[in-house]
Amino acid sequence: MKTTVIKIDRDAPCRALLLPAAEALKEGGLVAFPTETVYGLGAVWNRPDAVRAIFEVKGRPQDNPLIVHERSVEGMKKYFAQWDEVADTLCRAFCPGPFTLIMKHRKGLCSPVTAGLDTIAVRVPEHPVSRLLIELCGEGVAAPSANISGRPSPTNAADALEDLDGKVPFIIDGGSCDYGVESSIVSWVDGKLELLRPGGISAEMIEECLAMNGIKLELTRSGAAVSGDEEMRPRAPGMKYRHYAPRAKVHVLSGADMAARLEAVKEAIYQTAGGSVSAFYISDALAELAAPYFEAAGVIPDLVLTFSEEERHQEAAKGLFAAFRTLDRLGANHIWAEEQELSEVGAAYMNRLLKAAADESRGPLKL
Ligand code: TXA
Ligand code: MG
(Lines give C-alpha, C1' and ligand atoms only; values in the text may rest on other atoms or scores of the structure.)
(Ligands and ions follow the chains in the order given, each with its own letter.)
Protein backbone atom coordinates (compact mmCIF):
# COMPACT_ATOMS: atom_id res chain seq x y z
CA MET A 1 0.00 0.00 0.00
CA LYS A 2 1.24 3.47 -0.83
CA THR A 3 1.18 5.87 2.10
CA THR A 4 0.38 9.49 1.23
CA VAL A 5 1.46 12.18 3.67
CA ILE A 6 -0.96 15.12 3.69
CA LYS A 7 0.72 18.26 5.01
CA ILE A 8 -1.70 20.60 6.66
CA ASP A 9 -1.69 23.87 8.59
CA ARG A 10 -2.20 22.99 12.25
CA ASP A 11 -4.07 26.16 13.13
CA ALA A 12 -6.16 26.61 9.99
CA PRO A 13 -6.63 23.12 8.58
CA CYS A 14 -8.02 23.03 5.06
CA ARG A 15 -11.15 20.88 4.64
CA ALA A 16 -10.44 20.01 1.03
CA LEU A 17 -7.00 18.64 1.95
CA LEU A 18 -8.44 16.50 4.75
CA LEU A 19 -11.38 15.12 2.75
CA PRO A 20 -9.56 12.16 1.13
CA ALA A 21 -8.41 11.00 4.57
CA ALA A 22 -11.92 11.38 6.00
CA GLU A 23 -13.30 9.40 3.03
CA ALA A 24 -10.73 6.67 3.61
CA LEU A 25 -11.81 6.46 7.26
CA LYS A 26 -15.49 6.27 6.28
CA GLU A 27 -14.70 3.43 3.92
CA GLY A 28 -13.04 1.45 6.69
CA GLY A 29 -9.43 2.53 6.16
CA LEU A 30 -6.86 3.63 8.74
CA VAL A 31 -5.44 7.15 8.98
CA ALA A 32 -2.67 8.46 11.21
CA PHE A 33 -3.35 11.97 12.45
CA PRO A 34 -1.97 14.52 14.91
CA THR A 35 -3.55 15.23 18.27
CA GLU A 36 -2.29 17.63 20.94
CA THR A 37 -0.77 14.65 22.82
CA VAL A 38 0.74 12.24 20.29
CA TYR A 39 -0.14 11.02 16.78
CA GLY A 40 -3.06 8.59 16.67
CA LEU A 41 -3.80 5.68 14.34
CA GLY A 42 -7.49 6.11 13.63
CA ALA A 43 -10.42 4.05 12.40
CA VAL A 44 -14.16 4.76 12.59
CA TRP A 45 -15.10 3.30 15.99
CA ASN A 46 -18.19 1.38 14.85
CA ARG A 47 -16.60 -0.43 11.90
CA PRO A 48 -15.35 -3.64 13.50
CA ASP A 49 -13.09 -4.65 10.60
CA ALA A 50 -11.40 -1.27 10.56
CA VAL A 51 -10.88 -1.33 14.32
CA ARG A 52 -9.50 -4.85 14.12
CA ALA A 53 -7.05 -3.65 11.45
CA ILE A 54 -5.62 -1.17 14.00
CA PHE A 55 -4.65 -4.08 16.26
CA GLU A 56 -3.11 -5.91 13.32
CA VAL A 57 -1.07 -2.99 12.01
CA LYS A 58 0.29 -2.12 15.46
CA GLY A 59 0.87 -5.70 16.54
CA ARG A 60 -1.23 -4.83 19.57
CA PRO A 61 -2.63 -7.51 21.89
CA GLN A 62 -6.34 -8.04 21.15
CA ASP A 63 -7.34 -7.55 24.77
CA ASN A 64 -5.97 -4.03 25.06
CA PRO A 65 -8.87 -1.58 24.48
CA LEU A 66 -8.72 1.65 22.47
CA ILE A 67 -9.74 5.25 23.15
CA VAL A 68 -12.59 6.75 21.09
CA HIS A 69 -12.09 10.38 20.01
CA GLU A 70 -15.15 12.60 19.88
CA ARG A 71 -15.92 16.17 18.91
CA SER A 72 -17.53 17.41 22.11
CA VAL A 73 -18.53 16.52 25.64
CA GLU A 74 -22.08 16.07 24.32
CA GLY A 75 -20.72 13.58 21.82
CA MET A 76 -19.01 11.58 24.60
CA LYS A 77 -22.27 10.81 26.36
CA LYS A 78 -23.63 8.34 23.83
CA TYR A 79 -20.98 5.76 24.69
CA PHE A 80 -21.64 5.61 28.40
CA ALA A 81 -24.29 3.83 30.47
CA GLN A 82 -24.88 6.98 32.50
CA TRP A 83 -23.66 10.51 32.95
CA ASP A 84 -23.28 12.01 36.40
CA GLU A 85 -21.95 15.05 38.23
CA VAL A 86 -18.40 13.74 38.48
CA ALA A 87 -18.17 12.95 34.76
CA ASP A 88 -19.76 16.24 33.85
CA THR A 89 -17.52 18.30 36.15
CA LEU A 90 -14.29 16.68 34.95
CA CYS A 91 -15.20 16.79 31.27
CA ARG A 92 -16.40 20.40 31.41
CA ALA A 93 -13.07 21.31 33.01
CA PHE A 94 -10.66 19.27 30.90
CA CYS A 95 -12.30 18.65 27.51
CA PRO A 96 -11.26 19.35 24.89
CA GLY A 97 -7.75 18.46 26.02
CA PRO A 98 -5.39 15.67 27.05
CA PHE A 99 -7.97 13.95 29.25
CA THR A 100 -9.56 10.52 28.73
CA LEU A 101 -12.53 9.30 30.74
CA ILE A 102 -13.31 5.63 31.31
CA MET A 103 -16.77 4.65 32.52
CA LYS A 104 -19.21 1.76 32.07
CA HIS A 105 -20.42 1.69 28.48
CA ARG A 106 -24.06 1.64 27.53
CA LYS A 107 -25.91 -1.63 27.08
CA GLY A 108 -25.72 -3.02 23.58
CA LEU A 109 -22.58 -1.13 22.64
CA CYS A 110 -20.60 -3.59 20.64
CA SER A 111 -17.20 -2.74 19.18
CA PRO A 112 -13.72 -4.22 19.32
CA VAL A 113 -12.59 -0.89 20.82
CA THR A 114 -13.62 -2.14 24.28
CA ALA A 115 -11.76 -5.47 23.94
CA GLY A 116 -14.75 -7.10 25.60
CA LEU A 117 -14.72 -4.95 28.75
CA ASP A 118 -17.87 -3.39 30.19
CA THR A 119 -16.15 0.01 30.20
CA ILE A 120 -15.07 2.39 27.42
CA ALA A 121 -12.47 5.15 27.15
CA VAL A 122 -13.44 8.40 25.38
CA ARG A 123 -11.71 11.73 24.92
CA VAL A 124 -12.17 15.02 23.05
CA PRO A 125 -8.93 16.16 21.45
CA GLU A 126 -8.27 19.90 21.20
CA HIS A 127 -5.95 19.74 18.19
CA PRO A 128 -7.71 21.56 15.30
CA VAL A 129 -6.71 18.87 12.76
CA SER A 130 -8.09 15.96 14.78
CA ARG A 131 -11.25 17.94 15.49
CA LEU A 132 -11.86 18.66 11.83
CA LEU A 133 -11.10 15.08 10.83
CA ILE A 134 -13.65 13.72 13.31
CA GLU A 135 -16.19 16.25 12.08
CA LEU A 136 -15.66 15.28 8.43
CA CYS A 137 -15.94 11.64 9.38
CA GLY A 138 -19.23 12.22 11.16
CA GLU A 139 -18.39 9.49 13.66
CA GLY A 140 -16.16 8.90 16.66
CA VAL A 141 -12.65 7.83 15.75
CA ALA A 142 -10.95 5.04 17.69
CA ALA A 143 -7.23 5.70 17.93
CA PRO A 144 -4.31 4.35 19.88
CA SER A 145 -0.93 6.02 19.51
CA ALA A 146 0.37 5.62 15.94
CA ASN A 147 3.40 3.47 16.79
CA ILE A 148 4.15 -0.19 16.46
CA SER A 149 3.35 -1.71 19.88
CA GLY A 150 6.09 -1.17 22.43
CA ARG A 151 7.83 1.65 20.52
CA PRO A 152 7.77 5.30 21.58
CA SER A 153 4.59 7.11 20.53
CA PRO A 154 5.12 9.29 17.45
CA THR A 155 4.97 13.02 18.15
CA ASN A 156 5.52 14.18 14.57
CA ALA A 157 4.57 12.88 11.12
CA ALA A 158 8.06 11.62 10.23
CA ASP A 159 8.09 9.42 13.33
CA ALA A 160 4.62 8.08 12.47
CA LEU A 161 5.82 7.36 8.93
CA GLU A 162 8.79 5.45 10.32
CA ASP A 163 6.42 2.88 11.85
CA LEU A 164 3.50 2.99 9.39
CA ASP A 165 4.94 3.53 5.90
CA GLY A 166 3.21 1.18 3.48
CA LYS A 167 0.68 0.10 6.11
CA VAL A 168 -1.89 2.93 5.99
CA PRO A 169 -3.22 5.01 3.07
CA PHE A 170 -2.79 8.41 4.77
CA ILE A 171 -0.68 10.12 7.40
CA ILE A 172 -1.72 13.67 8.16
CA ASP A 173 1.22 15.91 8.94
CA GLY A 174 0.14 18.63 11.35
CA GLY A 175 3.59 19.28 12.80
CA SER A 176 4.83 18.43 16.28
CA CYS A 177 2.43 17.61 19.10
CA ASP A 178 2.00 20.13 21.91
CA TYR A 179 2.28 17.75 24.89
CA GLY A 180 4.38 14.89 23.52
CA VAL A 181 2.98 12.42 26.07
CA GLU A 182 -0.35 10.61 25.86
CA SER A 183 -3.51 11.84 27.57
CA SER A 184 -4.20 11.45 31.28
CA ILE A 185 -6.56 8.51 31.74
CA VAL A 186 -9.12 8.68 34.52
CA SER A 187 -11.37 5.77 35.38
CA TRP A 188 -14.68 6.49 37.13
CA VAL A 189 -16.18 3.08 37.72
CA ASP A 190 -18.16 1.67 40.66
CA GLY A 191 -17.71 4.82 42.72
CA LYS A 192 -13.92 4.74 42.43
CA LEU A 193 -11.93 7.51 40.77
CA GLU A 194 -8.51 6.46 39.54
CA LEU A 195 -5.76 8.10 37.54
CA LEU A 196 -4.60 5.15 35.43
CA ARG A 197 -2.07 7.06 33.35
CA PRO A 198 -0.62 10.52 34.11
CA GLY A 199 -0.54 12.99 31.22
CA GLY A 200 -1.03 16.68 30.50
CA ILE A 201 -3.77 16.94 33.13
CA SER A 202 -2.09 16.29 36.46
CA ALA A 203 -3.52 14.57 39.54
CA GLU A 204 -3.30 17.92 41.34
CA MET A 205 -5.38 19.62 38.64
CA ILE A 206 -8.05 16.94 38.92
CA GLU A 207 -8.14 17.18 42.71
CA GLU A 208 -8.37 20.95 42.56
CA CYS A 209 -11.23 20.74 40.08
CA LEU A 210 -13.16 18.34 42.31
CA ALA A 211 -12.59 20.50 45.38
CA MET A 212 -13.61 23.68 43.58
CA ASN A 213 -16.86 22.01 42.61
CA GLY A 214 -17.54 20.74 46.11
CA ILE A 215 -17.07 17.08 45.18
CA LYS A 216 -15.51 15.09 48.00
CA LEU A 217 -13.90 12.15 46.31
CA GLU A 218 -10.49 10.57 46.59
CA LEU A 219 -8.40 10.23 43.44
CA THR A 220 -6.28 7.08 43.48
CA ARG A 221 -3.02 7.45 41.60
CA SER A 222 -2.85 3.93 40.22
CA GLY A 223 -0.77 4.87 37.24
CA ALA A 224 1.34 7.58 38.78
CA ALA A 225 4.57 5.63 38.71
CA VAL A 226 4.75 3.12 35.93
CA SER A 227 1.41 1.73 34.78
CA GLY A 228 -1.17 2.69 32.19
CA ASP A 229 0.88 2.14 29.10
CA GLU A 230 0.30 0.50 25.82
CA GLU A 231 0.57 -3.16 26.66
CA MET A 232 -0.75 -2.92 30.14
CA ARG A 233 -3.72 -5.19 30.65
CA PRO A 234 -6.47 -2.91 31.85
CA ARG A 235 -6.86 -2.94 35.63
CA ALA A 236 -3.64 -4.88 36.07
CA PRO A 237 -0.91 -2.25 36.11
CA GLY A 238 2.71 -3.22 35.88
CA MET A 239 2.23 -6.62 34.26
CA LYS A 240 4.80 -5.88 31.63
CA TYR A 241 7.80 -3.69 31.91
CA ARG A 242 9.52 -2.08 29.00
CA HIS A 243 7.44 0.24 26.77
CA TYR A 244 7.72 3.52 24.98
CA ALA A 245 11.16 2.15 24.35
CA PRO A 246 13.82 2.95 21.79
CA ARG A 247 16.31 0.29 20.74
CA ALA A 248 18.99 1.96 22.86
CA LYS A 249 19.14 1.20 26.56
CA VAL A 250 17.52 3.97 28.53
CA HIS A 251 18.82 5.26 31.86
CA VAL A 252 17.58 7.94 34.21
CA LEU A 253 20.02 10.74 35.07
CA SER A 254 19.16 11.93 38.53
CA GLY A 255 20.51 14.36 41.08
CA ALA A 256 18.98 16.76 43.56
CA ASP A 257 20.59 19.87 42.08
CA MET A 258 22.64 20.91 39.06
CA ALA A 259 25.95 20.00 40.69
CA ALA A 260 24.68 16.50 41.48
CA ARG A 261 23.31 16.12 37.96
CA LEU A 262 26.60 17.16 36.48
CA GLU A 263 28.27 14.46 38.56
CA ALA A 264 25.70 12.01 37.22
CA VAL A 265 26.58 13.04 33.65
CA LYS A 266 30.27 12.49 34.34
CA GLU A 267 29.49 9.08 35.80
CA ALA A 268 27.36 8.23 32.74
CA ILE A 269 30.18 9.22 30.39
CA TYR A 270 32.57 7.09 32.40
CA GLN A 271 30.24 4.09 32.55
CA THR A 272 29.43 3.98 28.86
CA ALA A 273 32.88 4.80 27.52
CA GLY A 274 34.72 2.27 25.41
CA GLY A 275 33.11 1.41 22.12
CA SER A 276 29.46 2.07 22.93
CA VAL A 277 27.66 5.17 21.71
CA SER A 278 26.23 7.33 24.51
CA ALA A 279 23.50 9.89 24.01
CA PHE A 280 21.86 12.39 26.32
CA TYR A 281 18.47 14.05 26.70
CA ILE A 282 19.00 16.85 29.22
CA SER A 283 18.13 20.48 29.94
CA ASP A 284 20.04 23.16 28.04
CA ALA A 285 21.41 24.44 31.37
CA LEU A 286 22.90 21.05 32.24
CA ALA A 287 24.22 20.61 28.71
CA GLU A 288 26.08 23.88 29.00
CA LEU A 289 27.73 22.82 32.26
CA ALA A 290 28.56 19.40 30.86
CA ALA A 291 29.90 20.64 27.51
CA PRO A 292 33.61 20.45 28.45
CA TYR A 293 33.18 16.88 29.69
CA PHE A 294 31.31 15.82 26.57
CA GLU A 295 34.06 17.33 24.45
CA ALA A 296 36.84 15.68 26.43
CA ALA A 297 35.10 12.29 26.20
CA GLY A 298 34.38 12.68 22.48
CA VAL A 299 30.59 12.59 22.87
CA ILE A 300 29.23 13.62 19.46
CA PRO A 301 27.30 16.92 19.78
CA ASP A 302 24.39 15.52 17.70
CA LEU A 303 23.90 12.93 20.42
CA VAL A 304 23.20 15.55 23.06
CA LEU A 305 19.58 16.62 22.66
CA THR A 306 18.29 19.31 24.95
CA PHE A 307 15.07 20.82 26.22
CA SER A 308 14.62 24.32 27.53
CA GLU A 309 15.16 24.87 31.25
CA GLU A 310 12.21 27.26 31.17
CA GLU A 311 8.97 25.37 31.78
CA ARG A 312 11.18 22.34 31.96
CA HIS A 313 8.51 19.74 32.70
CA GLN A 314 6.48 20.63 29.64
CA GLU A 315 9.53 21.01 27.44
CA ALA A 316 11.06 17.73 28.61
CA ALA A 317 7.82 15.80 28.05
CA LYS A 318 7.22 17.37 24.66
CA GLY A 319 10.51 16.19 23.21
CA LEU A 320 11.09 12.87 24.99
CA PHE A 321 9.66 10.39 22.47
CA ALA A 322 11.05 12.30 19.49
CA ALA A 323 14.47 12.29 21.19
CA PHE A 324 14.27 8.52 21.67
CA ARG A 325 13.58 8.03 17.98
CA THR A 326 16.17 10.54 16.77
CA LEU A 327 18.89 9.02 18.96
CA ASP A 328 17.95 5.53 17.77
CA ARG A 329 18.37 6.64 14.18
CA LEU A 330 21.79 8.05 15.05
CA GLY A 331 22.83 4.67 16.40
CA ALA A 332 22.96 5.40 20.12
CA ASN A 333 23.49 2.37 22.38
CA HIS A 334 22.66 4.22 25.60
CA ILE A 335 20.35 7.15 26.24
CA TRP A 336 20.64 9.05 29.51
CA ALA A 337 17.58 11.20 30.16
CA GLU A 338 17.36 13.78 32.92
CA GLU A 339 14.95 13.18 35.76
CA GLN A 340 12.02 15.56 36.42
CA GLU A 341 10.06 16.21 39.58
CA LEU A 342 6.75 14.42 39.85
CA SER A 343 4.66 17.58 39.75
CA GLU A 344 2.47 18.59 36.79
CA VAL A 345 3.42 16.96 33.51
CA GLY A 346 6.73 15.95 35.15
CA ALA A 347 4.80 12.95 36.53
CA ALA A 348 3.84 11.92 32.98
CA TYR A 349 7.42 12.36 31.77
CA MET A 350 8.82 10.21 34.58
CA ASN A 351 6.14 7.57 34.01
CA ARG A 352 7.18 7.19 30.34
CA LEU A 353 10.89 7.42 31.10
CA LEU A 354 10.79 4.77 33.83
CA LYS A 355 8.79 2.46 31.58
CA ALA A 356 11.31 2.90 28.79
CA ALA A 357 14.19 2.30 31.19
CA ALA A 358 12.68 -0.73 32.89
CA ASP A 359 13.78 -4.12 31.73
CA GLU A 360 13.73 -7.07 34.04
CA SER A 361 16.16 -9.06 32.00
CA ARG A 362 18.83 -6.42 31.95
CA GLY A 363 19.26 -5.36 35.54
CA PRO A 364 21.68 -2.54 36.31
CA LEU A 365 24.00 -1.20 33.63
CA LYS A 366 26.90 -3.54 33.06
CA LEU A 367 29.40 -3.03 30.27
O1 TXA B 1 -3.27 10.80 24.08
C2 TXA B 1 -3.74 9.70 23.88
O3 TXA B 1 -4.49 9.14 24.69
C4 TXA B 1 -3.38 9.00 22.55
C5 TXA B 1 -3.96 9.86 21.41
C6 TXA B 1 -3.81 9.21 20.07
O7 TXA B 1 -5.30 10.14 21.69
N8 TXA B 1 -3.89 7.67 22.52
C9 TXA B 1 -3.34 6.68 23.25
O10 TXA B 1 -3.93 5.44 23.06
O11 TXA B 1 -2.40 6.84 24.00
P12 TXA B 1 -3.20 4.08 23.48
O13 TXA B 1 -4.06 3.02 22.91
O14 TXA B 1 -1.78 4.12 23.07
O15 TXA B 1 -3.36 4.05 25.03
C16 TXA B 1 -4.64 3.88 25.58
C17 TXA B 1 -4.56 3.24 26.93
C18 TXA B 1 -4.12 1.80 26.90
O19 TXA B 1 -3.19 1.58 27.96
C20 TXA B 1 -5.40 1.03 27.21
O21 TXA B 1 -5.16 -0.16 27.91
C22 TXA B 1 -6.16 2.01 28.05
O23 TXA B 1 -5.88 3.26 27.48
N24 TXA B 1 -7.62 1.78 27.99
C25 TXA B 1 -8.46 2.00 26.96
N26 TXA B 1 -9.71 1.63 27.26
C27 TXA B 1 -9.68 1.20 28.53
C28 TXA B 1 -10.65 0.67 29.43
N29 TXA B 1 -11.93 0.53 29.08
N30 TXA B 1 -10.24 0.31 30.67
C31 TXA B 1 -8.94 0.45 31.06
N32 TXA B 1 -7.97 0.94 30.24
C33 TXA B 1 -8.34 1.30 29.01
MG1 MG C 1 0.16 3.83 22.97
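What counts and how
Residues numbered from 1 in each chain as written. Chains lettered and ligands numbered in written order. Predicted model: local features only at pLDDT ≥ 70, side-chain atom pairs only at ≥ 80, totals over all residues. Heavy atoms only, no water. Pairing = 2+ DSSP bridges. Helix = DSSP H or I, 4+ residues; strand = E, 2+ residues; numbered from the N terminus. Axes fitted to C-alpha atoms, helices over the stretch in contact; angles between N-to-C directions. Contact = heavy atoms within 4.5 Å. pLDDT = per-residue confidence, 0-100. Buried < 20%, exposed > 50% of the residue type's maximum accessible area, 1.4 Å probe, protein only. Phe/Tyr/Trp six-rings, centres within 6.5 Å; stacked < 30°, edge-to-face > 60°.

**Things to note about the sheet that holds strand 12 (residues 249-253)**
Taking strand neighbours across the sheet as the criterion, the four strands line up as 12-15-13-14 in an open arrangement whose pairing is parallel. At either margin of the open sheet sits one strand with a lone partner, and together these are strand 12 and strand 14 (304-307). The sheet shows a mean angle of 20 degrees between the axes of neighbouring strands, direction not considered. Inspection of the sheet shows strand 12 paired to strand 15 (residues 334-338) by five bridges, in the parallel sense. Pairing of Lys249 across the sheet is with His334, part of strand 15. Packed onto the sheet, helix 8 (residues 258-271) meets strand 12, strand 13 (278-283) and strand 15 and runs at close to 170 degrees relative to strand 13. Each of strand 12, strand 13 and strand 15 is contacted by helix 11 (residues 346-357), which is oriented at about 135 degrees to strand 12, the strand it contacts most.

**Considerations on the sheet that holds strand 5 (residues 99-104)**
Read across the open sheet, the eleven strands follow the order 1-8-2-3-7-4-6-5-9-10-11; overall the sheet is mixed. Each of the sheet's edge strands pairs with one partner strand only, and the pair in question is strand 1 (4-7) and strand 11 (219-220). Of the strands in this sheet, strand 5, strand 9 (184-189) and strand 10 (192-197) are in contact with helix 4 (residues 85-94), which crosses strand 5 at around 165 degrees.

**Quick notes on the confidence of the model for the protein chain**
Residue-level pLDDT values for the protein chain average 92, and 92% of them are 70 or greater. Between residues 360-367, whose pLDDT stays under 50, and residues either more than four places distant or in other chains, the model counts eleven contacts.

**What about the environment of Leu41?**
Looking at the secondary structure, you find Leu41 in strand 3 (residues 39-44). Take Leu41: its relative accessible area is 0%, and that puts it in the buried class. A sequence separation of 103 residues divides Leu41 from Pro144, and the C-alpha atoms of the two residues are 5.7 Å apart.

**A short note on the packing of aromatic side chains**
Using the criterion set out here, one finds six aromatic pairs in the structure. On the basis of an interplanar angle of 70 degrees and a centroid distance of 4.8 Å, the ring pair of Trp45 and Tyr79 is categorised as edge-to-face. Of this pair, Trp45 sits in the loop between strand 3 and helix 2 (48-58) while Tyr79 sits in the loop between helix 3 (73-76) and helix 4, and the two are 34 residues apart along the sequence. Residue Trp45 is classed as buried on the basis of its relative accessible area of 6%. You can call Tyr79 buried: its relative accessible area is 0%. Ring plane angle 40 degrees and centroid distance 5.5 Å describe the contact between Phe94 and Phe99, whose orientation is recorded as tilted.

**As for unusual backbone geometry**
Of note, the bond from Cys95 into Pro96 is cis; its omega dihedral lies within 30 degrees of zero at -5 degrees. Tracing the backbone through its elements, the reader meets Pro96 in the loop between helix 4 and strand 5. For Asp190, which is not a glycine, the phi torsion comes out positive at approximately 50 degrees. Looking at where Asp190 falls in the secondary structure, it is placed in the loop between strand 9 and strand 10.

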